[in-house]
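Here are the chains, one letter per residue:
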Amino acid sequence: MKTVGILTSGGDCPGLNATIRGVAKALYEARPDISIIGIRDGFYGLIHGECEKMKPSDFSEILTRGGTILGTSRQPHKKMQKIEADHIDKIASMKKTYADLKLDCLFILGGNGTHKTANLLRSEGLNIIGLPKTIDNDIFGTDYTFGFHTAVDIATEVIDRIHTTAASHKRVMLIEIMGNKAGWLTLYSGVAGGADIILIPELPFEPDNIAKALEKRERKSRPYTIIAVAEGAMDADEARLKKKERTLMRLERGEATATNRIAAGIHERTGFDTRVVIPGHIVRGGSPSAYDRVLATRFGTYAASLAIKGVFGVAVALKGDMVTHNKLEDIAGIPKLVPPEHQMVAVARETGVIFGDN
Ligand code: F6P
């Protein structure tokens, strides 16, 4: 193995640089003469041949840095096989760049969509190793993705800080947390931050149930309420719609998410004063937590060892306490959503958290 490539694709998250560093340091230790090519801006760089040979010093002092030193971009998987107005055959271009660079292996750091394209490139004969990143923690076959725990820490800090202002004003505060399809981040940070109500896409809510829960809290003299709302949370009526219909309906209503509507509905039904807080991309920014630095380093070094052994067509994963790998074809395209009966949901319910679903 003489030359390897590495790219980061999709939304950035804390721990990308720590993982890149883990891969590079382990490769240089085992193969001091190895060439590592950094592909710029995800699959865009692979399509357009935008890349550069990295130096060992490029991988120093990046363990704690947020974002990605390689840059990233969103290249939707569903468009990968389409020839668009620019007439570029993206798959052929990526294969050409891989061949021109004489890569023996390509490390691809990304989320669900990225793993689908990684699997496509595998099926086209490229030697691929995937590494699971995302604050959403929704990649099948791994207990955790890197970036998730840092985002949980940041979202929890936001919820913690909202408690005092909610209490002072006796308000219902809704904190919208990223996660369009999967509610893991909202569930974990909601539990960690002591949210009273948690709304996630996997458990569609009845607005009346939320109002009833708030009235019950008032009867118990609870002066304020914290609601953690996932970006993709939906009510039971919306859940009955197809995704396209739901998107259209929200477009017509001029809303990107349900959070403001939930807040307005609460005020209408109960008269309580509500406020919406959206930390948005803040939960994705900045330095990775110690947990993610360790996980990223374990993932990166493990990926390097796979490459050295010639094990390709796989994605690195954490199962229990062990770093391992799955075949890309077994995990690509399968989203890992919160099962309604998951132990974390049960734990939350046991501590009195309302999901609004029943
Ligand atoms: O996939 C990670 C994520 O942060 C999701 O939670 C969120 O829905 C999406 O990315 C936001 O995407 P963008 O950064 O492109 O706005």
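Above this text sits the structure in question.
About the cut-offs
- Here the residue numbering is sequential within each chain, running from 1 through the sequence in written order.
- Reporting of local features is limited, given that this is a predicted model, to residues whose pLDDT is at least 70; pairs of side-chain atoms are given and counted only at 80 or more, and all residues count toward the totals for whole chains, interfaces and linings.
- Water and hydrogen atoms were dropped before computing side-chain values, which therefore reflect all heavy atoms in the structure.
- For two strands to pair, DSSP has to find at least two bridges joining them.
- Elements are defined by DSSP. Helices are runs of H or I of four residues or more, strands are runs of E of two residues or more, and each kind is numbered from the N terminus.
- Interaxial angles span 0 to 180 degrees and are taken between N-to-C directions of axes, which are lines fitted to C-alpha atoms, for helices over the stretch in contact.
- Residue contacts are counted whenever heavy atoms from the two residues lie within 4.5 Å of one another.
- Expected helix span is computed as 1.5 Å times (number of residues minus one).
- Any residue under 20% of the maximum accessible area for its type is buried, any over 50% is exposed, and the rest in between are partly exposed; the area is computed with a 1.4 Å probe on protein chains only.
- The criterion is simple. A nonpolar core is a set of buried Ala, Val, Leu, Ile, Met, Phe, Trp, Tyr and Cys residues joined through side-chain atoms within 4.5 Å.
- Planes of paired rings set the category: under 30 degrees apart is stacked, over 60 is edge-to-face and the rest tilted, where pairs are Phe, Tyr or Trp rings (Trp by its six-membered ring) whose centres lie within 6.5 Å.
- Two N or O atoms count as a polar contact when they lie within 3.5 Å, although within protein this holds only if one can serve as hydrogen donor and the other as acceptor, and sequence-adjacent residues are included solely when both atoms are side-chain atoms.
- Nearness of a residue to a molecule or strand requires only that one of the residue's heavy atoms be within 4 Å of it.
- Surface exposure here means Shrake-Rupley accessible area, sampled with a 1.4 Å probe, where a residue is shielded only by the protein chains that are shown.
- Just so you know the grouping, Ala, Val, Leu, Ile, Met, Phe, Trp, Tyr, Cys and Pro go in nonpolar, Asp, Glu, Lys and Arg go in charged, and all remaining residues, Gly too, go in polar.

Peer 1: Please set out the sheet that holds strand E7 (residues 197-199) residue by residue, giving values where relevant.
Peer 2: Taken in spatial order, the four strands of this open sheet run E7-E8-E6-E9, and their pairing is parallel. Of all the strands in the sheet, just E7 and strand E9 (274-277) have a single pairing partner and so form its edges. Shown here is a sheet whose adjacent strand axes are inclined to one another by a mean of 20 degrees, direction ignored. When strand E6 (residues 172-177) meets strand E8 (residues 225-230), the two strands line up parallel, connected through six bridges. The partner of isoleucine 177 across the bridge, within E8, is alanine 230. Packing against the sheet, helix H6 (residues 184-192) makes contact with E6, E7 and E8, and its axis sits at approximately 170 degrees to E7.

Peer 1: I'd like a description of helix H7 (residues 207-219), backed by residues and values.
Peer 2: For H7, with 13 residues, the first-to-last C-alpha span of 19 Å sits near the 18 Å given by 1.5 Å per residue. Turning to H7, its buried residues number three or more, namely Asn209, Ile210, Ala211, Ala213, Leu214 and Arg217. Summarising the contacts, the buried residues of H7 are in contact with E6, E7, E8 and helix H10 (259-270). Directly beyond the C-terminal end of H7, a positive phi value near 60 degrees is found at serine 221.

Peer 1: Before we move on, could you go through the nonpolar core and cite the residues and values that matter?
Peer 2: Formed by 66 residues in total, the largest nonpolar core has its most connected members in Ile36, Phe107, Ile129, Leu185 and Val316. Broken down by element, this core gets its largest block of residues, eight residues, from helix H5 (residues 148-169). Dropping the residues within four chain positions of it, isoleucine 36 is found in contact with Val4, Ile6, Ala24, Leu27, Tyr28, Glu52, Lys53, Met54 and Phe59. Judged by nonpolar contacts, the second largest core, of 22 residues, contains Leu46, Ile47, Tyr98 and Leu328.

Peer 1: Tell me about the packing of aromatic side chains, and name the residues and values.
Peer 2: Aromatic ring pairs are defined here through the distance separating the ring centres and the angle between the ring planes. If you walk through the whole model with that rule in mind, you get seven aromatic pairs. Between tyrosine 144 and tyrosine 188, the ring centres sit 6.4 Å apart and the planes meet at 90 degrees, which makes this aromatic pair edge-to-face. Remark: tyrosine 188 occurs in helix H6 and tyrosine 144 occurs in the loop between strand E5 (128-132) and H5; sequence separation between them is 44 residues. Each member of the pair tyrosine 144 and tyrosine 188 is classed as buried.

Peer 1: Explain the side chain of arginine 250 to me, and be specific about the residues and the numbers.
Peer 2: Among the secondary structure elements, arginine 250 is positioned in helix H9 (residues 243-253). In this structure arginine 250 comes out as buried when scored by relative accessible area, which is 9%. Side-chain polar atoms of arginine 250 contact the side chain of glutamate 238, separated by 2.8 Å. Ignoring sequence-local partners within four residues, the contact set of arginine 250 consists of Glu231, Ala233, Met234, Glu238, Glu255, Ala256, Thr257, Ala258 and Arg261.

Peer 1: How would you explain the site of the ligand if you had to name every residue and give the values?
Peer 2: Within the structure, the ligand sits among Arg74, Ile135, Asp136, Met178, Gly179, Asn180, Glu231, His281 and Arg284. Between an oxygen atom of the ligand and a side-chain N or O atom of arginine 74, the distance comes to 2.7 Å. Within the contact set of the ligand, an oxygen atom lies 2.7 Å away from a side-chain nitrogen or oxygen of aspartate 136. When the ligand sits alone it has 400 Å² of accessible area, and the protein chains cover 72% of it. Of the residues assigned to the shell around the ligand, the class counts are two nonpolar, three polar and four charged.

Peer 1: Describe the sheet that holds strand E10 (residues 314-319), listing the residues and the values that go with them.
Peer 2: The seven strands lie next to each other as E3-E2-E1-E4-E5-E10-E11, forming an open sheet whose pairing is mixed. With one partner strand each, in any of the chains shown, strand E3 (51-53) and strand E11 (322-327) form the two edges of the open sheet. The sheet shows a mean angle of 25 degrees between the axes of neighbouring strands, direction not considered. The pairing of E10 with E11 spans six bridges and is antiparallel. If you follow leucine 318 over to E11, its bridge partner there is valine 323. Against the sheet, helix H11 (residues 290-309) engages strand E4 (105-110), E5, E10 and E11, with an angle of about 140 degrees to E10.

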